[in-house]
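Fold and contact review
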Amino acid sequence: MAKTVSVYEERLNKLEKIIAKSKKEVERTAEIAKVASERAQAAVDKALEAEQIAEKAKKQLKRATKELKEAKVLKIAQKKASKKSAIKRAKRLANNKKAKK
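Nothing here was measured: the structure is a model prediction, and the numbers come from that model. (Residues numbered from 1 in each chain as written. Predicted model: local features only at pLDDT ≥ 70, side-chain atom pairs only at ≥ 80, totals over all residues. Heavy atoms only, no water.)

Moving on: the overall build of the protein chain. Summing up its helical and strand segments, the protein chain has 1 helix and 0 strands in all. The C-alpha radius of gyration of the protein chain comes to 43 Å, more than 25% above the 13 Å expected for a compact globule of 101 residues. Along the longest, intermediate and shortest principal axes, the C-alpha atoms of the protein chain span 145 × 15 × 10 Å. Sorting the 101 residues of the protein chain into buried and exposed places 0% on the buried side. (Helix = DSSP H or I, 4+ residues; strand = E, 2+ residues; numbered from the N terminus. Rg over C-alpha atoms; globule rule 2.2 N^0.38 Å. Buried < 20%, exposed > 50% of the residue type's maximum accessible area, 1.4 Å probe, protein only.)

What follows is the structure, encoded as structure tokens:
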């Protein structure tokens, strides 16, 4: 009977060791999961921030493109106006020269 008790005690001790080892492993895994969760949340936060920055940059690009188009139109209008005034000036000079002759 003593042998039977010792066999059961050995098994019980082995099971207790396995349980203790498993508890440690669970704690370690839980800690790793917690750290991973925190890192994932930080990554999500950074991604949201990056998305907001990208949206802002997109709006700025749209505004700058619009301003560039307006500037090009204005430049073309200035050239045309300059050409018209140059033509008028040339006609006046031509008329003045004819009038002097």
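What follows picks up the thread again.
Take a positive patch on the surface next. A cluster of like positive charges, contributed by Lys75, Lys79, Lys80, Lys83, Lys84, Lys88, Arg89 and Arg92, occupies part of the molecular surface. The partly exposed category is assigned to arginine 89, whose relative accessible area is 45%. (Patch = residues over 30% accessible without salt bridge, like charges linked within 9 Å, V, L, I, M, F, W, Y side chains within 5 Å. Areas by Shrake-Rupley, 256 points an atom, 1.4 Å probe, with all protein chains shown as cover. Salt bridge = Lys/Arg side-chain N within 4 Å of Asp/Glu carboxyl O. Lys, Arg positive; Asp, Glu negative; His and termini not counted. Charge placed at Lys NZ, Arg CZ, Asp CG, Glu CD.)

All we've got here are geometric facts, nothing functional implied.
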